[in-house]
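# Tertiary structure, described
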Amino acid sequence: MSEQLSDRYNPTDVESRTYEWWEKNGYFKAQDQSTKPPFSIILPPPNVTGFLHMGHALDHTIQDMMIRWKRMNGYNTMWLPGTDHAGIATQSVVERELKKDGVTRHDLGREKFVEKVWDWKHQYGNRIYGQMRRLGDSCDWDRAVFTLDEGVSKAVRKVFVSLHKKGLIYRGQRLVNWSGPLETAISDLEVEHKQIKGSLYHVKYPLEDGSGFLIVATTRPETMLGDSAVCVHPEDERYKHLIGQNVLLPLTNRKIKIIADTYVDKEFGSGVVKITPAHDFNDYKIGKTHNLEFINILTKKAEINENGGAYAGLKVQEARKRILEDLKAQDLLEKEEPHVHSVGHCSRSGAVVEPFLSEQWFVKMEALAVPAKRVAENGTIRFEPESWTKVYLHWLNNIEDWCISRQLWWGHRIPVWYCEDCNHQTVAEADVTACEKCGSTKLHQDDDVLDTWFSSALWPFSTMGWPNESETLKTFYPTSYLVTGHDIIFFWVARMIMMGLEFQRDVPFRTVYIHGLVRDSQGRKMSKSLGNSIDPVEMIEKHGADALRFTFAAHLYSGKDFKFSEQRLEGYRNFMNKVWNAARFALSNLSDFKAPAEGVKALPNKAHISVFDQWIISKLEEVTKTVEEAMEQDRFSDASTALYQFIWNQFCDWYIEFTKPILNGNNAEEKAATQLVIAQVLNRIMRLLHPFAPFISEEIYQKLPIKGAACIVDQYPNTRNDKEFLSLGSAQAALEIDIVKEVITAIRNIRGENRISPAVKLNVRLGVTNDQTQKILGNNRTALMTMGRLENMEIGPEGDMMKCAVAPVVVKDASVKVIIPLEGLVDFDEEVKRINKSIEKLTRDIGMLSGKLSNEKFVANADEEVVAADRVLLAQSKVQLDSLRDALTRFQ
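Residues numbered from 1 in each chain as written. Predicted model: local features only at pLDDT ≥ 70, side-chain atom pairs only at ≥ 80, totals over all residues. Heavy atoms only, no water.

### Some thoughts on the side chain of Asp261
Position of Asp261 relative to the elements: it lies in the loop between strand E11 (255–260) and strand E12 (272–275). Of the side chains with opposite charge, Lys285 comes closest to the buried, unpaired Asp261, at an N-O distance of 11 Å. A polar atom in the side chain of Asp261 sits 2.8 Å from the backbone nitrogen of Tyr263. Of the polar contacts made by the side chain of Asp261, one reaches the side chain of His290; its length is 2.7 Å. In contact with Asp261, other than residues within four places in its own chain, are Cys231, Val232, His233, Pro234 and His290. (Helix = DSSP H or I, 4+ residues; strand = E, 2+ residues; numbered from the N terminus. Buried < 20%, exposed > 50% of the residue type's maximum accessible area, 1.4 Å probe, protein only. Lys, Arg positive; Asp, Glu negative; His and termini not counted. Salt bridge = Lys/Arg side-chain N within 4 Å of Asp/Glu carboxyl O. Polar contact = N/O pair within 3.5 Å; in protein donor to acceptor, adjacent residues only side chain to side chain. Contact = heavy atoms within 4.5 Å.)

In structure tokens:
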């Protein structure tokens, strides 16, 4: 006896209740010691300040699909969640709150300010965890980690000290990205490049001997205050004779050398460039090569310093304005022309990022990169899609030292203490109270904190108890799978690989699955400024988490960006409703069904199962095999699309219709067999569906007459563990019912195309020459008559087809012509007019599509999906056109 489902599916009611039940029953928990094979994923830690956004929702959907699938396949699955302290973001949030009360962090002092940030974290830090639960993330919440937890902090210090002892961490002066408003170095990831309409200024640099000028073009004239050379190409005939001479720096008359370097493009501009080593990353390299002076002209607030002479104290934009005025006044500005160029902006403050020479802590990366390259080259780590391997290796082959210090108060403070008596630096894992060299207690700790990415680089093992040899680490490291976007391959993925190899002597994960970005329906990046951002929680509240997850899964092509539209989401919400209604109908027909003691192993009597039962079991075997293969190869779209088609088209639309006469009939043995098949197929559908749509599948599963304790921990169907039941399927039955199904579809299409009322019963002639096909159609006369709504059906020769609608049906080797006389059912004059109009439109459409697809430029530049869709549409349009022309000859 089965329980009944409510009249309509209400995700809001089901989702929170189901999630609480899963969590309460401990279904998400992993075991540190188990006989099951381990499978683990470490969640890329979202910022503790963050809200769940569409990128997270996509990223988490992939991880949860894998975890649920592996859990159901008998693995000891651990999905370890965590959040990142997000140094700059979190400090900025709290500073903004303080600013409302007219207070700065400096007013509070470091200790009190850090207390305030912890207070904020305790109040809001778990907000994103609640949102992850809404999506259905089946994380092992008892293992949740925060990057400033005691265990992670211990790991961070140990790694810093170890790398420092090896000479891989050092303090030095180098060029970094600098945010003036935040007064800190920032990572490349926190630099947003925007196309800005600016100007290119052509400035005259007077030659020292008074014989003329060199013209230098620049977009940042204020940086000339820090110039230490001008540079030309060594083979540029225009300037060869000037190499080694001096020019006078405009406005200051400081002498600077004319140097030569192949870096200069002779063809660009005047072929002369200014070199400002302390404020440009390319110039920095030239400054090092040519041993130039490094002149810093900025303060930490990104204002002009004392090296700027008369411009000292001005903000950069003010200095630019004044310098341009003075250049014009001295006739040193030859021209100014509009110029669009990319300018880096701080993603946190919105200010222009300045390249800035400062004393920072760095990690030497070259030695760490060598083994990290090897594991990608030899396949120890697999990137999916494989093309990202090349991108990863290219970056490692051109790697720069990593700036790991930030001028913040929130984060892992650098474990270095300076002695005020002997200037010795003590680097230690534990807090230091006395100088290790002279014993003095007059010490102060380095004020800087570590880059957030430093602690994130240790994430796969610091979260599992390292440096202790924990059972968790023994069981689950290396992790199995990492899911992330391509934008942090260098900032995070590569560094985790390096640190894993350095401190664990093994890779941190076996597979790196790289997904694209979630874009809007027009393919634009989602952003607040464009107003096209979508809140996934809002979508969940409106349509349900399963619909959102299935939307992602069905359009998830590895490495490709995902165009999201609410219209697509509505389509998958309709799919959830379809699943619910089909299950509800099926369960209503199982009200008198007694579940056998063997449960999922119970088999119907083979002598009593119908051809329709054999057909659906055969189709179930096909989809089971397809899903299994697709999931093993990370082809989530193929798996979910196959499931969608099987559930919607074959089970809901056809099998349920085919079996209605049996369920309502008088043959008790046949009915009992079909009821058992329905119960068993529904059970397997819910299990197959679970990783993709966990909430609805669990809710329906719990109402099934044949079920285990919970869908989430039941066995995932595959062709090996379900041989006996699947063996009841029949390839011959599958062919037979596919033919019947296509014939009924053709009849329905003719009815629709000719606008014939469903109430009108049709006469049909099925033109068949093959005896076997004729027999199949005869055997299924009842289904064809009932579902085609037919008055009469003849099976045999085609006969006269004038004034008839004709639809060819081909299924494998079987061929049938569906012929329906239309005399008395349609106005042939009107039909001819309609067909002619359709022919005209199709001819135009075919011409347009053919033109597009023969345009090499369009094919090369358009989205692959668009080109593929256009090719399919063109082929379909040509078939349709032939069909209409054929109909025209019969109707006239």
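### What about the sheet that holds strand E19 (residues 425–427)?
In spatial order, the strands read E19-E18-E20; together these 3 strands make up an open sheet with antiparallel pairing. Looking at strand neighbours, the two that pair on one side only are E19 and strand E20 (443–445), the edges of this open sheet. Strand-to-strand twist across the sheet, computed as the mean angle between neighbouring axes with direction ignored, equals 25°. Note: strand E18 (residues 416–419) against E20, 3 bridges, orientation antiparallel. In the strand pairing of E20, Cys419 is matched with Leu443. Against the sheet, helix H7 (residues 150–165) makes contact with E18, E19 and E20, and its axis sits at roughly 125° relative to E19, the strand it touches most. (Pairing = 2+ DSSP bridges. Axes fitted to C-alpha atoms, helices over the stretch in contact; angles between N-to-C directions.)

### Details of unusual backbone geometry
Trans is the common state for peptide bonds, and a negative phi is the common state for residues other than glycine. Residue Glu384 is joined to Pro385 through a cis peptide bond whose omega torsion reads 0°. Residue placement: Pro385 occurs in the loop between strand E15 (382–384) and helix H11 (387–397). For the bond running from Tyr477 to Pro478, omega is 0°, close enough to zero to count as cis. Within the secondary structure layout, Pro478 lies in the loop between helix H14 (471–476) and strand E22 (479–485). The phi angle at Asn423 is positive, at roughly 65°, despite the residue not being glycine.

### Comments concerning the pairing of strand E28 (residues 804–811)
Two faces make up the sheet, and in a regular strand the side chains alternate between them. The buried fraction of E28 is high, at 6 of 8 residues. Across 8 bridges, the pairing between E28 and strand E29 (residues 814–821) is antiparallel. Looking across to E29, one finds that Ala805 is bridged to Ile820. The hairpin turn running from E28 into E29, its antiparallel successor, is 2 residues long, and Lys812 in that turn takes a positive phi close to 55°.

### Re helix H3 (residues 87–100)
The terminal C-alpha atoms of H3 lie 21 Å apart, and with 14 residues this matches the ideal 20 Å at 1.5 Å per residue to within 8%. Where H3 is buried, its residues meet helix H4 (105–108), helix H5 (110–124), strand E6 (184–186) and helix H12 (452–456). Phi for Gly102, located one or two positions after H3, is positive at around 70°. (Expected span 1.5 Å × (residues − 1).)

### Re the packing of helix H18 (residues 566–588) against helix H21 (residues 668–689)
Packed helix pairs are characterised by how far apart their axes lie and by the angle those axes make with each other. Where H18 meets H21, the closest approach of the two axes is 11 Å, and the angle between their N-to-C directions is 155°. By the angle between their directions, the pair H18 and H21 is classed as roughly antiparallel. Helix-helix and strand crossings are classified by hand; for H18 and H21 the assignment is left-handed. Between H18 and H21, the contacting residues are Phe575, Val579, Ala583, Ala586 and Leu587 on the first element and Ile678, Leu682, Met686 and Leu689 on the second. Of the residues assigned to the contact of H18 with H21, the class counts are 9 nonpolar, no polar and no charged. (Parallel < 35°, antiparallel > 145°, perpendicular 65-115°, else oblique. Left-handed = near helix turned anticlockwise from the far one by under 90°. Nonpolar A, V, L, I, M, F, W, Y, C, P; charged D, E, K, R; others polar.)

### Side note on the sheet that holds strand E26 (residues 762–767)
Strands belonging to one sheet form pairs held by backbone hydrogen bonds; the direction of such a pair is parallel or antiparallel. If you trace the 4 strands from one edge of the open sheet to the other, you get E27-E26-E29-E28, paired in mixed fashion. Edge positions in the sheet fall to strand E27 (790–796) and E28, since each has one partner strand and no second. Each strand of the sheet is rotated relative to its neighbour by a mean of 20°, with strand direction disregarded. Bridge count between E26 and E29: 3 bridges; the pairing is antiparallel. Paired with Arg765 across the bridge in E29 is Ile819. Across the sheet, helix H25 (residues 771–779) touches E26, E27 and E29, and the angle it forms with E27 is around 160°. Sheet contacts for helix H26 (residues 781–788): E26 and E27; angle to E27, the most-contacted strand, approximately 140°.

### Focus on the packing of helix H19 (residues 611–632) against H21
Look at H19 against H21: their axes get within 11 Å of each other, and the N-to-C directions meet at 15°. In terms of axis orientation, H19 runs roughly parallel to H21. The element H19 and its partner H21 pack so that their crossing is left-handed. Residues Asp613, Ile616, Ile617, Leu620, Val623 and Thr624 of H19 touch H21, and the partners they reach there are Thr674, Val677, Val681, Arg684 and Leu688.

### A few points about the domain arrangement of the chain
As far as domains go, the chain holds domain 1 (180–355), domain 2 (414–447), domain 3 (553–729), domain 4 (735–826) and domain 5 (829–891). Its C-alpha centre places domain 2 at a distance of 79 Å from the equivalent point of domain 5. (Domains from an automatic or database assignment.)

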